[in-house]
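Descriptive structure summary
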Amino acid sequence: MTKGWIHSVESLGTQDGPGIRYVIFTQGCPLRCKYCHNPDTWCMTDGQEIEVEDLMDKILRCKSYIDKSNGGVTISGGEPTLQVEFLSELLRKCQEEGIHTAVDTSGYVDQDKFLDLMPNIDLVLLDIKHINDVEHQELTGVSNEKILNTLKLLEDNQKNFWVRHVVVPGINDSIKYIEELSDLLEEFNYLEKVELIAYHELGVHKWETIGLDYELADVEPPKEENMKKFRDIFLKKGINTVIK
Ligand code: SF4
């Protein structure tokens, strides 16, 4: 009877992987991204504790429309790899039921842990925040070393993955930076898609509710024309890229 802490579920998700997804948002995150729109997931025990079996019952009730859309289950967060036993069992049971599995992760995870999980993951959604380590620490509070190691681990283990990158004006939206990011990603054969996500302020009220100071209050979302320019840089290098 393995239990895990979750924040919430979304039974008709269309933003986190292919098709219609049953999305599970887990509790707990070791990062503190300045633009986090789910700061209420940071503390592990703020959520609801649930057994894998109970969660599987809920997932299986949705299986018919998941199957029809070539969808699956996505486990997101917070950072799902913090609860490795729970995640491992949940992924294994989904695959036993013939359900496609995706894990949405910051990649901030020990390599041996991730290697153990990998056979039960069909698709990894890797959220890269910044490829410069100093800037990454400033933005998230942690080094990006583990994250870039995870990127390499995915390629070395021939695991299909998408990269998600939130474009934040003034932080990671220069043409030079986007060129560098696309140069880095160009080398990866198992990268299926890049999602460039325009920074937005939708989670700001949560910071206020929790009583936290939102440092990016003066940052505006990026202009659409700039997002298109960034997308085109990736497309020119043959990287399948979409704006979200
Ligand atoms: S990794 Fe995700 S959940 Fe964690 S702080 Fe960053 S944006 Fe928030």
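Under an unreviewed UniProt entry, the name given to the protein chain is Pyruvate formate-lyase-activating enzyme, and the organism recorded is Orenia marismortui. Annotation of the protein chain in UniProt includes, under Subcellular location (unreviewed entry), the sentence "Cytoplasm". The Function (unreviewed entry) field of the UniProt record for the protein chain holds the comment "Activation of pyruvate formate-lyase under anaerobic conditions by generation of an organic free radical, using S-adenosylmethionine and reduced flavodoxin as cosubstrates to produce 5'-deoxy-adenosine."

Next up on the list: the nonpolar core. Buried together is how nonpolar side chains tend to be arranged in soluble globular proteins. Judged by nonpolar contacts, the single largest core of 48 residues is most densely connected at Ile24, Ile59, Leu90, Phe114 and Leu185. Ranked by the residues each element gives to this core, the list is headed by helix α3 (residues 84-96), at five residues. Apart from residues lying up to four places away in sequence, isoleucine 24 is in contact with Ile6, Ser8, Val9, Leu55, Ile59, Val73, Thr74, Ile75, Ser76 and Leu90.

Under the criterion given, the structure shown has three aromatic pairs. Taking 5.4 Å as the distance between ring centres and 85° as the angle between the ring planes, the aromatic pair formed by tryptophan 42 and tryptophan 207 counts as edge-to-face. With tryptophan 42 in the loop between β2 (21-26) and β3 (48-51) and tryptophan 207 in helix α8 (residues 204-210), this residue pair connects regions lying 165 residues apart in the sequence. Seen in terms of ring centroids, tryptophan 207 and tyrosine 214 are 5.2 Å apart; in terms of plane orientation they differ by 75°. Their pairing is edge-to-face. An aromatic cluster of three or more residues is present, and its members are Trp42, Trp207 and Tyr214. Taking NZ or CZ as reference, lysine 146 lies 4.6 Å from the ring centre of tyrosine 108, over its face. Here lysine 193 stacks its cationic end above the ring of tryptophan 162, 4.1 Å away from the centre of that ring.

Taken in spatial order, the nine strands make up an open sheet running β3-β1-β2-β4-β5-β6-β7-β8-β9, and their pairing is mixed. Taken across any chain shown, the strands that pair with only one partner, and hence form the sheet edges, are β3 and β9 (241-243). Taken pair by pair, the neighbouring strands of this sheet meet at an average axis angle of 30°, ignoring direction. Direction of pairing for strand β1 (residues 3-13) relative to β3: antiparallel, over a ladder of four bridges. When the bridges of β3 are listed, isoleucine 6 appears paired with glutamine 48. Sitting on the sheet, helix α1 (residues 52-61) is in contact with β1, β2, β3 and β4 (72-76), with an inclination near 85° to β3.

Cut-offs and rules
- Residues numbered from 1 in each chain as written.
- Predicted model: local features only at pLDDT ≥ 70, side-chain atom pairs only at ≥ 80, totals over all residues.
- Heavy atoms only, no water.
- UniProt positions renumbered as here; feature names shortened; annotations may be inferred.
- Core = buried A, V, L, I, M, F, W, Y, C linked by side-chain atoms within 4.5 Å.
- Buried < 20%, exposed > 50% of the residue type's maximum accessible area, 1.4 Å probe, protein only.
- Helix = DSSP H or I, 4+ residues; strand = E, 2+ residues; numbered from the N terminus.
- Contact = heavy atoms within 4.5 Å.
- Phe/Tyr/Trp six-rings, centres within 6.5 Å; stacked < 30°, edge-to-face > 60°.
- Lys NZ or Arg CZ within 6 Å of the ring centre and 35° of its normal.
- Pairing = 2+ DSSP bridges.
- Axes fitted to C-alpha atoms, helices over the stretch in contact; angles between N-to-C directions.

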